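# Residue-level structure breakdown
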Amino acid sequence: MGLTDIAGFTKDRAAGLAVAGTIGFAAERAAGAVPISLSPLLYATAFGIVLGNSLRLVDPTMKRMAPTEIGMAFAKRRLLRAGIILYGAKVTFGAILGIGAAGLLTDLYVVSSTLALGFAGGRLLGLSEGLTTLIATGSSICGCSAVAATQPIINAEAHEVAAAVGVVVLCGTLAMFIYPFLFGAVASLAASPRLMGIYTGATVHELAGVVAAGNAMGAEVANTAIITKLLRVFLLEPWIIALYYLGIGQRTDRAKDVAKDATGKKGKGVPWFAFGFIGVAAYNSIWGIPAAAQKLFTSLSAAFLASAMAALGLDTDLVKVKSLGWRPIALAMALWANLLGMGFLVARFLVGA
């Protein structure tokens with residue numbers, strides 16, 4: 001690629017990236033300024049939705065945003081994938097193994113049971129396969145980040161992403177306040193910081209929520225909770241790979257394309273970013289990423305993901321979100337009930353408290 005090509009590439013994407021990046025930056029600042037620990041991805045999505053739908057009031061076809069289309073598409077796809085890859089810098093296999101069999105098995109139960117219930121419940125409620133996949137993945141693994149990572153695999157609509165983010169964050173936010181209360185009110189939890197840590201890490205939606213709730217209950221609970229949560233984060237990548245190769249949550253025409261790509265020679269559409277995440281985590285586990293580089297990768301990951309979610313938010317038409325009605329909330333609440341109830345029982349049985 002020559003200098004002329006680079007200049008053209010940059011020029012085509014500059015406007016869209018500037019808009020998405022500005023919204024993402026504002027989301028990061030808002031998340032840091034608010035006492036309640038909420039994911040910047042929530043703010044980025046919300047800010048994008050407000051701006052996009054405000055513009056639609058005066059420009060229904062969004063013609064004035066045409067110069068930003070290429071850059072927005074780049075943010076929704078390339079920046080999102082890069083953000084997921086760099087997210088792997090937070091993970092080491094050693095830390096994951098440190099939670100022991102109880103934490104590992106609790107995570108595996110929570111993820112598998114919530115995914116199974118999510119798909120069964122989504123079909124029972126008549127939700128689209130894409131929306132069902134987003135809510136089930138976000139509830140079972142890591143909230144907004146899981147929704148963001150799943151979207152490019154299943155080509156979900158922007159309004160489905162917005163609905164999934166909204167209902168997952170609703171449950172996750174409530175959890176941050178409920179778990180410290182449970183720690184003081186339930187005798188078996190109060191008597192075992194390890195049990196409380198595994199329970200929190202295995203069942204709270206967002207990593208930010210785990211950090212906030214864990215720290216409210218003490219350092220021992222927080223440390224165990226964060227490590228347990230990181231294992232759930234790691235389980236996102238095998239799930240994304242399974243979504244792609246098995247055609248789960250995808251439209252019939254997309255599933256056919258996936259099957260064709262999987263048997264082809266070029267590997268078109270293969271979710272390389274999922275393998276990239278695993279590669280970064282493996283490098284960090286074996287050789288270790290220096291602290292300065294890890295901090296940089298974490299910051300870039302947050303910025304890229306926030307920009308991607310801002311671009312998705314701008315694409316979201318609230319009229320379409322409203323048309324989904326009460327059913328997404330009902331599904332998310334049912335899955336949260338499984339996390340709260342069965343997650344506790346399984347964690348207690350495995351820890352032996």
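The preceding data block contains the structure.
Bear in mind the structure is a predicted one, so any value in this text is a computation, not a measurement. (Residues numbered from 1 in each chain as written. Predicted model: local features only at pLDDT ≥ 70, side-chain atom pairs only at ≥ 80, totals over all residues. Heavy atoms only, no water.)

### Focus: helix H10 (residues 207-216)
Under the convention used in this document: The cut-offs for exposure are 20% and 50% of the maximum accessible area for each residue type, with area from a 1.4 Å probe on protein chains only; residues under the lower value are buried, those over the upper are exposed, and the others partly exposed. Helix and strand definitions follow DSSP, with helices as H or I runs of at least four residues and strands as E runs of at least two, each counted in order from the N terminus. Relevant arc is that of directions from the helix axis to the C-beta atoms, nothing else. We call two residues contacting when some pair of their heavy atoms lies within 4.5 Å.
Inspection of H10 places Leu-207, Gly-209, Val-210, Ala-213 and Gly-214 among the buried residues, and these make up the whole buried set. Down the axis of H10, the smallest arc covering the buried residues is 150 degrees, so these residues share one side. Relative to its buried face, H10 has exposed residues pointing more than 90 degrees away, namely Asn-215 and Ala-216. The inward-facing, buried residues of H10 contact helix H3 (69-87), helix H7 (158-185), helix H9 (193-203) and helix H11 (219-246).

### Section: empty space enclosed by the protein
The test is simple: Using a grid of 1 Å spacing that covers the protein atoms alone, one calls a set of points a cavity when a 1.4 Å probe fits there but cannot get out, and a pocket when the set is open and has protein on both sides within 12 Å along at least five of seven lines; lining residues are those with an atom within 4 Å of a point. Grid points are joined across faces, edges and corners, and a volume is the space filled by probe spheres set on the points. For this scheme, ten residues count as nonpolar: Ala, Val, Leu, Ile, Met, Phe, Trp, Tyr, Cys and Pro. Four count as charged, namely Asp, Glu, Lys and Arg, and the remainder, Gly too, count as polar.
In this structure the tally under the stated criterion is 1 cavity of 30 Å³ or more. The space that makes up the largest cavity amounts to roughly 70 Å³. Forming the boundary of the largest cavity are 10 residues, of which Leu-38, Gly-172, Thr-173, Met-176 and Glu-206 lie nearest the centre. Residue classes in the lining of the largest cavity are distributed as 4 nonpolar, 5 polar and 1 charged.

### Some thoughts on the layout of surface pockets
Within this model, the largest pocket holds a volume of roughly 540 Å³. What lines the largest pocket is a set of 29 residues, among which Glu-28, Ser-39, Pro-40, Lys-90 and Ala-302 lie closest to the centre. Examining the composition of the lining of the largest pocket, we find that 8 residues originate from one element, helix H14 (residues 291-315), more than from any other. Looking at the lining of the largest pocket residue by residue, the class counts come to 16 nonpolar, 10 polar and 3 charged.

### As for the packing of H9 against helix H16 (residues 327-351)
The condition is simple: Angular values range over 0 to 180 degrees, each being the angle between N-to-C directions of two axes fitted as lines to C-alpha atoms, with helices fitted over their stretch in contact. Note on angle classes: values under 35 degrees are labelled roughly parallel, values over 145 roughly antiparallel, values of 65 to 115 roughly perpendicular, and the remainder oblique. For a crossing to be left-handed, the near helix must be turned anticlockwise from the far one by less than a right angle; the clockwise case is right-handed.
Contact geometry for H9 and H16: axes closest at 9 Å, N-to-C directions at 140 degrees. By the angle between their axes, H9 is oblique relative to H16. Seen along the crossing, H9 lies across H16 with a hand that is right-handed. In contact with Leu-195, Ile-198, Tyr-199, Ala-202 and Thr-203 of H9, H16 contributes Leu-339, Leu-340, Gly-343, Phe-344, Ala-347, Arg-348 and Val-351. Per-class residue counts for the contact of H9 with H16 are 9 nonpolar, 2 polar and 1 charged.

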